[in-house]
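# Residue-level structure breakdown
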Amino acid sequence: MDAEGGAAAAAEALADPRPAGRTVRRAEVVAALLASGGRWTPALTAVPLDSFDEDPCALDVVVAALARRNAWETACELVEAALLRACSAGGQGLYEAFWTAERLCGEFRSAPARLLPALRTVLAWRGEGPHVHPWVASLPGDAAELIGQLGTDAAPALDALASLAGDAVPPENADRALAALIRLGDDRSPSLLAENLPDRPRALRSAVDHGLPFAPVLLTAIREHLRTSASGENERTAGPPEDGTERFALMLALLRSWGPQAREALPELCDALKGEAPATPPAARTAPERAKSAAVPSQGAPRGRTRTADRTPAQSTLSSRERASAATTADRPLVPEPSRTPAETRTLDDGVLERLAATLAAVCDSETGRRRAEAALRQAVSGGEARTRLGAARALWRLTGDAAPLLAELAVLLGGKATRRSVPLQQNTTAYRDPGGKSPQEGETPRQNTAAAYRESDGKSSREDKAPRQNTVTAYREPSGKSPQEGETPRQNTAAAYQEPEGKSSREDKALRQEAAEACRELGEDARPLLGVLLALLARPKPRRLFWLVDVAVTVWRLTGESEHVLPVLDAALAAPSSAAKAVRAVRELGSAASGLAERVACRLYDLYEVPETVRALVGVCSDGRRPPAGCSPARLIDLLLACAGEARDPSPAFEVIAELGAEHLTEVHRRLLHGYATHEQRVPRKHSPHDIAADGVLRAAARNLLVSIGAEEALP
């Protein structure tokens, strides 16, 4: 409001921080001075640092004011000094200083390289002791993640990352440092990951996401994990149980990415595909071990006794001396053991077995290995859960070209036979009681007890009517249409009368059908025997099936080349939010045959993240000379593509589509925006990932390449 008077008052306040016994927040004074256009002087540098001990947020206030003036170099000097001061002071204020540094690196492109020496100091800092807050103790891991996004600019910090990745305590920071090291492509990362493979989930995920090259030492560690994971020898007590399954699946994904280079893991994969593996064969155990196993009672048995029916053959053939030892041990109080007994086995998750089958087919390269893998896959196809059979049959087709097992599974899953199983349904065991609380009289037929209160059609209760009639809505009938035979127990007729396939829920059944539809799409011409089943599915498109019916429609299009049965399904799928993105990709494959869906596809341009695929679909449906829908001119489409590139985590597809549309459609506004993407110091602000440095680096490189391709490189620095 008064720049001159405010500057004078600010100078007086900064000279005396406690006028008349009142405390002045000097950092806010400096920020207000900068916001009003005041000059930055060297004397002001000491203000936020001197106030840092009392108010750690003072640094962020001043840095934000400098950032608004685009004075990022001065802001970096302040942040660097604050980071070094906090590390030397035992971590006091380090969290606030690092948070300010992270925000500054996410806002300016040159800030990470300028702050890299200070970030290396944070990497080397080890906060220990009860006085250190867990958030502060995790800051070296945060710094590692930040440095991992810098690409080639992070070369001076690789040694510090490797040092942190080799530390055992705390494991979270070491895991994050190793993940950053893998992302940067350092040669030391495979050996560091192999040393602590079960304790590095982030690093293992980074190895899969960024394509870690083949390393024999890491393959040896994975093989050892495969040998023990099925038996539960390496099962850890810390963390949720699903962590082990995810870690196992990541190892399989890494083996698949290596392909035939991982052929040495074939024996472990074949053994793990069986689903169960005993840790130690019963015959290989000593007599005291067998006696100890016999002395442990089953769950539910009285203490000191073992149910004979629960004994294994090895436990039933004990000598008299071993039985005496077992009886002595059984009289002692039982203490739960933290580890599994050698006779226990562990059944692998159904989805893991499916990934195992795919990995098995990916690593085979010799005839001997193919025969062994084929035998294991055929054994998996013959038994197990539906998802396991489907995955094994799919892998068998990829390995040998034999589509018969896969066609049989797809016929069951897509033909609807899997939803009706002639198995006895659960019988209600709750005794019926009348509303008055009385049980049925002797000689009366007990009536079925359902969740809904029973009322007769005339409004009277069964107690008033005195007629013991069955309490169901409709009499149960067998799938063949016959009623239960005399003497049989009638089964409960509820909404869930027919169980889902293999006892799975409807959500799991939907996922299973989705996998079956994707497998059918992958089969191509080999799926022709299923054409009748697929056409029947397209003739009755239900809303809940639209997501996976898109794959069925694409398969029918590839087999017949006719769009008569395909277009109605795609039209309905484009109108459903859950399946619209997938339907757009299918329309792109149909090309001009789906020209009638051009208006429907154009409505999907509002989804910013799906703009590249939507534009490609529009170009495809209008390839026969059809006029594009209103508002879909090339210039308008490039506007949307550039907006998508500035927001998406991977802007490469948007720039590829711009190149496909042609440089002649670029306007002067488009060229200025591309120049800003390529050269401006301030990063493009993103709504969902404001500090994604790696995505901004891809955006910058892609914009530069496009400018070079259209001959506008003279404007680049």
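Structure first, text after, so check above.
The shown structure was predicted, so the numbers you read here are calculated from the model rather than taken from an experiment.

## Considerations on the side chain of Ser 189
Relative to the elements of secondary structure, Ser 189 occurs in helix α12 (residues 189–195). Beyond its immediate stretch of four places on either side in the chain, Ser 189 contacts Leu 178, Leu 181, Ile 182 and Leu 212.

## Overview of the packing of aromatic side chains
By the definition in use, this model includes two aromatic pairs. An angle of 90° between the planes, with centres 5.3 Å apart, marks the rings of Phe 214 and Trp 258 as edge-to-face. A residue pair is termed long-range when its members are at least 10 positions apart, and Phe 214 in the loop between α13 (201–209) and α14 (216–229) and Trp 258 in helix α15 (residues 242–258) qualify at 44 residues. A relative accessible area of 29% means that Phe 214 is categorised as partly exposed. Just above the ring of Phe 547 sits the side chain of Lys 582; from NZ or CZ to the centre is 4.3 Å.

## Some thoughts on the pattern of salt bridges
Enumeration over the complete set of coordinates arrives at 36 salt bridges. For Arg 202, the salt bridge is made with Glu 145, and the minimal N-O distance between the two is 3.1 Å. Of this pair, Arg 202 sits in helix α13 while Glu 145 sits in helix α9 (residues 139–147), placing them 57 residues apart in sequence. Glu 145 sits in the partly exposed class, given a relative accessible area of 32%. Salt-bridge contacts for Asp 696 lead to Arg 683; the nearest nitrogen and oxygen are separated by 2.9 Å. Of this pair, Asp 696 sits in helix α35 (residues 693–709) while Arg 683 sits in the loop between α34 (668–679) and α35, and the two are 13 residues apart along the sequence. Look at Asp 696 and you get buried, because its relative accessible area is 1%. Salt bridges here are not isolated pairs; linked through shared partners, they connect Arg 223, Glu 224, Arg 227, Glu 264 and Glu 268.

## Observations regarding the packing of helix α32 (residues 634–647) against α34
The description of two helices packed together rests on the angle between their axes and the distance between the axes. Across the interface, α32 lies against α34 with an axial gap of 11 Å and an inter-helix angle of 15°. Considering their axes alone, α32 and α34 lie roughly parallel with respect to each other. Considering only the axes of α32 and α34, their crossing is left-handed. Residues Ala 635, Ile 638, Asp 639, Leu 642 and Gly 646 of α32 pack against His 670, Leu 673, Leu 674 and Tyr 677 of α34. Of the residues assigned to the contact of α32 with α34, the class counts are six nonpolar, two polar and one charged.

## Observations concerning the packing of helix α2 (residues 26–35) against helix α4 (residues 58–68)
Relative to each other, α2 and α4 sit at 5°, their axes nearing to 9 Å. By the criterion of interaxial angle, the relationship of α2 to α4 is roughly parallel. Residues Ala 27, Glu 28, Val 30, Ala 31 and Leu 34 of α2 form the contact with α4, whose own contacting residues are Ala 58, Val 61, Val 62, Ala 65 and Leu 66. Among the residues forming the contact of α2 with α4, the class breakdown is nine nonpolar, no polar and one charged.

## What to know about helix α27 (residues 546–560)
Its 15 residues give α27 an end-to-end C-alpha distance of 20 Å, which sits within 8% of 21 Å, the value for a rise of 1.5 Å per residue. Of all the positions in α27, only Leu 546, Trp 548, Leu 549, Val 550, Asp 551, Val 552, Ala 553, Val 554, Thr 555, Val 556, Trp 557 and Leu 559 are classed as buried. Just past α27, the residue Gly 561 takes up positive phi, approximately 70°.

## As for the environment of Ala 376
Secondary-structure assignment places Ala 376 in helix α21 (residues 367–382). Taking the C-alpha atoms as reference points, Ala 376 and Leu 360, separated by 16 residues in sequence, lie 9.0 Å from one another. Residues contacting Ala 376, with those up to four places away along its chain left out, are Cys 270, Leu 273 and Leu 360.

Criteria and thresholds
Residues numbered from 1 in each chain as written. Predicted model: local features only at pLDDT ≥ 70, side-chain atom pairs only at ≥ 80, totals over all residues. Heavy atoms only, no water. Helix = DSSP H or I, 4+ residues; strand = E, 2+ residues; numbered from the N terminus. Contact = heavy atoms within 4.5 Å. Phe/Tyr/Trp six-rings, centres within 6.5 Å; stacked < 30°, edge-to-face > 60°. Buried < 20%, exposed > 50% of the residue type's maximum accessible area, 1.4 Å probe, protein only. Lys NZ or Arg CZ within 6 Å of the ring centre and 35° of its normal. Salt bridge = Lys/Arg side-chain N within 4 Å of Asp/Glu carboxyl O. Axes fitted to C-alpha atoms, helices over the stretch in contact; angles between N-to-C directions. Parallel < 35°, antiparallel > 145°, perpendicular 65-115°, else oblique. Left-handed = near helix turned anticlockwise from the far one by under 90°. Nonpolar A, V, L, I, M, F, W, Y, C, P; charged D, E, K, R; others polar. Expected span 1.5 Å × (residues − 1).

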